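The lines below spell out each chain.
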Amino acid sequence: MEKQTYSRRFFLTTSSLLATFAFIPESVKAFYSNVKKLVIRPKEELRFLVTINKKKYRINADSRTTLLDLVREQLQLTGTKKGCDHGQCGACTVHVDGQRVLSCLTLAAMVQDKNVTTIEGLADGDKLHPMQQAFIECDGFQCGYCTPGQIMSAVACVNEGHTGSVEEIKEFMSGNLCRCGAYNGIVESIQKVAR
Amino acid sequence: MGFFDNQPDIQHIPEGRIEGIAKVTGSGKYAAEYKVNNQCYGVLVGSSVAAGTIKSISLDDAKQVAGVIDILTHQHKPFVPGFADEAKIKEAHFGLPIFYTDKIYFKGQPIAMVIAETLEEATYAASLVSADYTIDKANVDFDKSHPGIAASNTGKERGSLDSWSNVPYVTEAEYTIQNEVHNPMEMHATIAQWTSDDKLKLYDKNQGVNNVQRTFAKLWNIPTGNIEVISEFVGGGFGSGLRVWPHTFATIMAARQVKRPVKLMLTRPQMFLLVGYRPASWQKIKIGADSNGQFAGIWHIAKHSTSVYENFEDGITRITRMVYKFSNLKTESAIVPLNLSAPTWMRGPGDCTGAFAVECAIDELSYQLKQDPVELRLKNLAIEKDPENGKTWSTNFLNEGIQKGATMINWKNRQPVPGQETDGDWKIGYGMAVGMWGAGRGKAGASIKMQRDGTITVRTAMTDIGTGTGTAMQNIAHDFTGISKNNIKVELGNSNLPPAPSQGGSTGLSSISGAVVATCEALKQKLAGYASLQNDVYKDALAKDILLSDTGISYKANFISYASLWEKNNLDLVEAEASSGPGEERQKFSFCSSAAHFCRVRVHSKTGKVKIDKMVCVVDGGKIVNEKAAANQVSGAAAGGIGMALMEEQPVDTRYGSLVGNDLAGYHFAVNADSPIVEVAFINKPDVNINPTGSKGLGEVGIIGSAAAIANAIYNATGKRLRNLPITPDKILQA
């Protein structure tokens, strides 16, 4: 990776200087806009390799791109959903090296050389994952938008061994919001698979 | 002869939804997920003041960002015929004339839209847009404003207030509810593509493609058919997609401006600002009864907020006029304009708000009377006739619902005196309330395409926002044709398909079921017409006597295979189309769906935490077409009721006009752990007058009254009457 032209320290010094400039005459303030122009940085493109759903991808991504936007906007893997973009709803849950992860809080660059599984990679060809099958049978969804995230979390919930009781399942699935309130079916699906 | 006569024993086996695989594998495409070549991204910039006029917008910094293509503002936008002048804007009734005004009506109102090659570039550039304003005084304070606005009669007064001034039992109280926000999990999104100068393609999140199509055809002054709206998968609505919002319009303008397809997905904080909410409300109820518990009269005053640029009337007192027999009744309402964005219908609109007050008031009265709230309600239900117009209810099984619910929750275990049942630090209580919703039906169209192999595709423009419309269409088509479900596909959510009303107000299934039945009959008749060329007996065949299978058509044991039918008539594809809507039955009867909500709660005496132990909902939704999907709707609505009762509120900073904590970390609705396994039961008796399947909508009634049931249970547990939603732990501890 190329060395950054403007460091974090530069930002901090610049902004504290700017705060001081607020009390300084117009002539000096003119300098402000010049400084500000400097901080509008060109985008930085990062190149790295990542394995998504057992397929190797050579990525060329904006350094600001999240894993969520990478899969949705660049790779057309739109099964992973954006529900808040701030780690508050769980709709974007994917697995990174087998752990459940919020892809909206993960910069794309952070999954360099890692194994990512999205909802598209859960089924074995046409054969659905047991959790996917259970969600259909138990009607564990309505609108379906939170569903991929629910299923990714549900699979992790079973793997983590948090299925001892309805209460435990509910607790460990509460990071995945469902506004339709299909919670009855979600819990039933997980119980079915955990059995 | 209808459905019930000829196929009385059909059991709908609960099974997976028709779109199940698409949803669990992530292959179903929601609005923002279509790949459109050469598409760029839009991001909206909101105003930083709550009222005023834009003096200038500074775009210089934003334009320096690489990848920025253009920036729309009120000074730089394409010409829209429907917004050509002030008069046209007024006539359009669009609400906020986005980019066609320099006036600011609320904080966060879009003042610019940055269009860039990538989402990151557009987002960054949008953060660099700033504006100067002439700032006006903004008012966002509902609590302080509503007393200054007088309420006026809504609906005809029955009897008089004076006539029950001397009854022995009267309660009078005020009830308030904070702003609540729909927050479907899918954020509203649009991809707009002008395929030619006057042809527009929209991938859009909404609850009614024809509504979107009509709105923009008018605004752009192009034929309706030139606009194609695609909303095949809709990630929830709850009312937020029932009208056309400014951001969709902005995206279309952007696509026009840069001559490229543009995609916009609102951010979650923008979801609180730009697609409506349930307005904050204040209500006052005075209700009286004689010593037997017969209701003597009710006086209901309701006020709620609206925006300064557009009026919205929620209809809070409607429910007061329909559930019980009140010989004396007065309902009044008013709306209170504030510098906030426009509210809109949210699940169980109006009735949900009204039912909270009325059902709590009745509960209060029951304790005064020392009568069981179940008995008190049963005694006063208007079960035979709609009290509003005197028409007979086509069906109304609310009494049965109440009785069934009481059994399911073990109501007999409830202590009539509050605060009697404890479990360590927990106080336990039971509560109940009812909900009702006018069962509507709209005119809808459908078509069926039959392929050479005998498979059919049932099609309509109606969307499926998660209610199970597509699955119900498949089920109904199976019941009315005989073709196996595996051979029935469904296409919906596209404006090129036969027109249908928006999916809202619990009218979806009621409207589309008639259309599907009519289309099945049309298909049978068409096939019988071809069959009659091979066998004369088919000439007089009536649709109801014709049976289809996966391999052919039969009538009175005369079977003709599709293969021979196709070959003899040189057919490739058979298509039938029909529409169906309400008729004279609406003059004769009133129609309602209803629900009885029961719950058992525990309230922690030290922390004020409320836990719902058990929640029961018994619904009269007529004939249940798909029990699994219907139960899912109702238990989901109960989760909505839990949110409404205990956690949902969007506070407003009255100093600056800002929303506070407007994201999913700040705004809480029920998560999995907040909701018990909800127990749902149905009356499941067909309403033979409403439509050919006898099913009534049930999406709204699942939430109407549920918040009151919880508030009533909290009273029964603690003896504390909380009349201000949401009932958060601090309120319980302070009461």
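In this text the structure is predicted, and so the values were computed from the model without any measurement.

1. Structural notes on the overall build of chain A
Of regular secondary structure, chain A possesses seven helices and five strands. What you see in chain A, going N to C, is helices and strands ordered as α-α-β-β-α-β-β-β-α-α-α-α. Within chain A, the fraction of its 195 residues that count as buried is 50%. Here the analysis covers contacts within chain A between residues at least 6 apart in sequence; of these, 54% occur between residues at least 24 apart.

2. A few points about the pattern of salt bridges
Side-chain pairing between opposite charges can occur once the charged atoms of the two side chains come close. Residues and elements named next belong to chain B. Overall, the coordinates contain 40 salt bridges over all chains when judged by the stated rule. Linking E19 and K23 is a salt bridge whose minimum nitrogen-to-oxygen distance equals 2.9 Å. Pair check on accessibility: E19 and K23 agree, each one buried.

3. Some details on helix α10 (residues 351-369) of chain B
Residue and element names in this part refer to chain B. For α10, spanning 19 residues, the distance from its first C-alpha to its last is 26 Å, which sits close to the expected 27 Å at 1.5 Å a residue. Among the 19 residues that make up α10, 18 are buried, leaving the element largely enclosed by the rest of the structure. One or two residues past the end of α10 sits K370, with phi positive at roughly 55 degrees.

4. Considering the state of the cysteines
Residues and elements named next belong to chain B. The final tally for this structure, using the stated rule, is zero disulfides over all chains. The thiol sulfur of C352 is not disulfide-bonded, and the nearest other cysteine sulfur, from C360, lies at 12 Å. With a relative accessible area of 2%, C352 lands in the buried category.

5. A few points about unusual backbone geometry
Each neighbour pair has its own omega, and for B:L725 with B:P726 the value is 0 degrees, a cis peptide bond. Note that B:P726 resides in the loop between β30 (724-725) and α19 (729-734). Positive phi values are uncommon outside glycine, yet A:Q76 reaches one of about 55 degrees. Relative to the helices and strands, A:Q76 is located in the loop between α3 (67-74) and β3 (93-96).

6. Considering the domain arrangement of chain B
All names here are of chain B. Domain assignment breaks chain B into domain 1 (3-29 + 441-581), domain 2 (34-137 + 186-267) and domain 3 (281-440 + 587-734). A straight line from the C-alpha centre of domain 2 to that of domain 3 covers 37 Å. In this complex, domain 2 contributes 14 residues to the contact, which on the side of domain 3 involves 14 residues. Contact between domain 2 and domain 3 buries roughly 1,100 Å² in total, counting both sides, with carbon and sulfur atoms accounting for 62%. For the pair domain 2 and domain 3, the interface holds one salt bridge. Between E310 and R243 there is a salt bridge, with its nearest N and O atoms 2.9 Å apart. Where domain 2 packs against domain 3, one counts four residue pairs in polar contact (both at pLDDT 80 or more). Looking at the side of domain 2 that touches domain 3 residue by residue, the class counts come to eight nonpolar, three polar and three charged.

7. Here we look at the sheet that holds strand β4 (residues 103-104) of chain B
Residues and elements named next belong to chain B. Ordered by their spatial adjacency, three strands build an open sheet running β4-β2-β6, and the pairing between neighbours is antiparallel. Looking along the sheet, the strands with just one partner apiece sit at the ends: β4 and β6 (130-135). With six bridges connecting them, strand β2 (residues 52-58) and β6 associate as antiparallel partners. By the bridge assignment for β6, G52 is matched with I135.

8. Observations regarding the domain arrangement of chain A
Often, the extent of an interface is quoted as the loss of accessible area on bringing the components together. All names here are of chain A. If you check the domain split of chain A, you get domain 1 (8-39), domain 2 (45-87 + 98-117) and domain 3 (130-194). Taking only C-alpha atoms into account, the centre of domain 2 sits 23 Å from that of domain 3. Between domain 2 and domain 3, the contact holds seven residues from the first and 10 residues from the second. Each partner contributes to the roughly 640 Å² buried at the junction of domain 2 and domain 3, and carbon and sulfur atoms together form 47% of this total. It is K81, R100 and T117 that lose the most area in domain 2 upon contact with domain 3, and together they represent 76% of the buried surface on that side. Between domain 2 and domain 3 we count one salt bridge in total. Linking domain 2 with domain 3 are four residue pairs in polar contact (both at pLDDT 80 or more), by the criterion used here.

9. What to know about the interface of chain B and chain A
Listed as interface residues are 64 residues of chain B and, on the opposing side, 54 residues of chain A. Taken together, the two surfaces of chain B and chain A that pack against each other cover about 4,800 Å², and 55% of this comes from carbon and sulfur. Broken down residue by residue, the surface that chain B buries against chain A is led by B:V24, B:M185 and B:N672, which jointly contribute 16%. At the boundary of chain B with chain A, the tally comes to six salt bridges. Between A:D139 and B:R17 there is a salt bridge, with the nearest N and O atoms lying 2.7 Å from each other. Scanning the region where chain B abuts chain A turns up 31 residue pairs in polar contact (both at pLDDT 80 or more). When residues in the side of chain B that touches chain A are grouped by element, the largest group, eight residues, is from helix α17 (residues 627-646) of chain B. Among the residues forming the side of chain B that touches chain A, the class breakdown is 31 nonpolar, 18 polar and 15 charged.

Conventions we followed
- Residues numbered from 1 in each chain as written.
- Chains lettered and ligands numbered in written order.
- Predicted model: local features only at pLDDT ≥ 70, side-chain atom pairs only at ≥ 80, totals over all residues.
- Heavy atoms only, no water.
- Helix = DSSP H or I, 4+ residues; strand = E, 2+ residues; numbered from the N terminus.
- Buried < 20%, exposed > 50% of the residue type's maximum accessible area, 1.4 Å probe, protein only.
- Contact = heavy atoms within 4.5 Å.
- Salt bridge = Lys/Arg side-chain N within 4 Å of Asp/Glu carboxyl O.
- Expected span 1.5 Å × (residues − 1).
- Disulfide = S-S within 2.5 Å.
- Domains from an automatic or database assignment.
- Buried area = accessible area lost by both parts, 1.4 Å probe.
- Polar contact = N/O pair within 3.5 Å; in protein donor to acceptor, adjacent residues only side chain to side chain.
- Nonpolar A, V, L, I, M, F, W, Y, C, P; charged D, E, K, R; others polar.
- Pairing = 2+ DSSP bridges.

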